[in-house]
Amino acid sequence: MPFPLISSELISILRLVHGLFNFIIMLLLFYHTFNGLLIRRARRGKTPLPIHAIKLHRRMGPVLALFGGAGFSAGLILIMLDTGKVLQYPTHLFVGVVIVIMLFSTYRISRKIAGSSIPQRNLHYKLGCVILALYLVNVVIGIGVLL
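A brief structural summary. (Residues numbered from 1 in each chain as written. Predicted model: local features only at pLDDT ≥ 70, side-chain atom pairs only at ≥ 80, totals over all residues. Heavy atoms only, no water.)

### Comments concerning the overall build of the protein
Then, number 1: Counting secondary structure elements, the protein contains four helices and zero strands.
Then, number 2: Beginning at the N terminus, the succession of helices and strands in the protein can be written as α-α-α-α.
Then, number 3: Taken along the three principal axes of its C-alpha coordinates, the protein extends 60 × 25 × 20 Å.
Then, number 4: Buried residues in the protein amount to 31% of all 147 residues.
Then, number 5: The long-range fraction of contacts in the protein, counting pairs at least 24 apart against all pairs at least 6 apart in sequence, stands at 69%.
Then, number 6: Working note: accessible area of the protein is about 9300 Å², and carbon and sulfur atoms make up 73% of it. (Helix = DSSP H or I, 4+ residues; strand = E, 2+ residues; numbered from the N terminus. Buried < 20%, exposed > 50% of the residue type's maximum accessible area, 1.4 Å probe, protein only. Contact = heavy atoms within 4.5 Å. Areas by Shrake-Rupley, 256 points an atom, 1.4 Å probe, with all protein chains shown as cover.)

### Some remarks on a nonpolar patch on the surface
Then, number 1: Together, Leu-10, Ile-13, Leu-14 and Val-17 make up an exposed nonpolar region whose accessible area comes to about 320 Å².
Then, number 2: Within the secondary structure, Leu-10 is located in helix α1 (residues 8-44). (Patch = residues over 30% accessible without salt bridge, like charges linked within 9 Å, V, L, I, M, F, W, Y side chains within 5 Å. Salt bridge = Lys/Arg side-chain N within 4 Å of Asp/Glu carboxyl O.)

### Focus: the packing of α1 against helix α4 (residues 118-146)
Then, number 1: Where α1 meets α4, the closest approach of the two axes is 10 Å, and the angle between their N-to-C directions is 155°. Accordingly, the angle class assigned to the pair α1 and α4 is roughly antiparallel. At the point where α1 passes α4, the crossing takes the left-handed sense. Touching Arg-15, Leu-16, Asn-22, Phe-23, Ile-25, Met-26, Leu-29, Phe-30, Thr-33, Leu-37, Arg-40 and Arg-43 of α1 are Arg-121, Asn-122, Tyr-125, Ile-131, Leu-132, Tyr-135, Leu-136, Val-139, Val-145 and Leu-146, all from α4.
Then, number 2: When the residues that make up the contact of α1 with α4 are grouped by side-chain class, the tally is 15 nonpolar, three polar and four charged. (Axes fitted to C-alpha atoms, helices over the stretch in contact; angles between N-to-C directions. Parallel < 35°, antiparallel > 145°, perpendicular 65-115°, else oblique. Left-handed = near helix turned anticlockwise from the far one by under 90°. Nonpolar A, V, L, I, M, F, W, Y, C, P; charged D, E, K, R; others polar.)

### Description of the nonpolar core
Then, number 1: Residues Leu-29, Ile-99, Met-102, Leu-103, Ile-131, Leu-134 and Tyr-135 are the most contacted members of the largest nonpolar core, which totals 17 residues.
Then, number 2: Mapped onto this core, the elements with two or more residues apiece are α1, α2 (51-82), α3 (90-112) and α4.
Then, number 3: Every residue in contact with Met-102, bar those within four places of it in the chain, is listed here: Leu-127, Val-130, Ile-131 and Leu-134. (Core = buried A, V, L, I, M, F, W, Y, C linked by side-chain atoms within 4.5 Å.)

### Topic: the packing of aromatic side chains
Then, number 1: Applying the stated criterion to the full structure yields one aromatic pair.
Then, number 2: With a centroid separation of 6.1 Å and 70° between ring planes, the pair formed by Phe-21 and Phe-67 is classed as edge-to-face. In this pair, Phe-21 sits in helix α1 while Phe-67 sits in helix α2, placing the two residues 46 residues apart along the sequence.
Then, number 3: Residue classification places Phe-67 among the partly exposed residues on the basis of a relative accessible area of 36%.
Then, number 4: Positioned above the aromatic ring of Tyr-125 is the side chain of Arg-40, whose terminal nitrogen or guanidinium carbon lies 4.0 Å from the ring centre. (Phe/Tyr/Trp six-rings, centres within 6.5 Å; stacked < 30°, edge-to-face > 60°. Lys NZ or Arg CZ within 6 Å of the ring centre and 35° of its normal.)

### Focus: the packing of α1 against α2
Then, number 1: For the pair α1 and α2, interaxial distance at closest approach is 9 Å and the crossing angle is 160°. Overall, the two elements α1 and α2 adopt an arrangement that is roughly antiparallel. Seen from above, α1 lies across α2 with left-handed handedness.
Then, number 2: Class assignment for the residues of the contact of α1 with α2 results in 19 nonpolar, ten polar and two charged.

### Some remarks on α2
Then, number 1: Compared with an ideal rise of 1.5 Å per residue, which puts 32 residues at 46 Å, α2 spans 46 Å between its outermost C-alpha atoms and is within 8% of the ideal.
Then, number 2: Maximum bend of α2: about 30°, positioned at Met-60, with proline Pro-62 one to four residues after it.
Then, number 3: Downstream of α2 by one or two residues, Gly-84 has phi in the positive range, about 85°. (Expected span 1.5 Å × (residues − 1). Bend = angle between axes of the 7 residues up to and from the residue.)

Dropping the structure here:
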């Protein structure tokens, strides 16, 4: 099968769209983290809980995890259409796989948080921090891929 399967101009546009989409997801995850930190600070300080932030955090979490997986899948499909080699950019791929695993793990842990379950909350917090750091790393790697 000859590669690329679609025109190189379209591939170039789709690479930018993939990068922009994932950058927006990263920004939304930072906003999501802000809401989570508001909730965490209120719980630890024994102050009234920010109900709006809780509702937003619970609503956005699963959607952002799903969109993170979609961004990864889009990148995987894009590289398969372009070169047919999944390992064309191994570092970017590896960090993306770790992000998706961490997103799934964070989602699973969040489903087990109930009441004052401190260990699950702390693990959820730590995984969220790692996800943000990995997103920043992958954005830098992705910019290198685009250039």
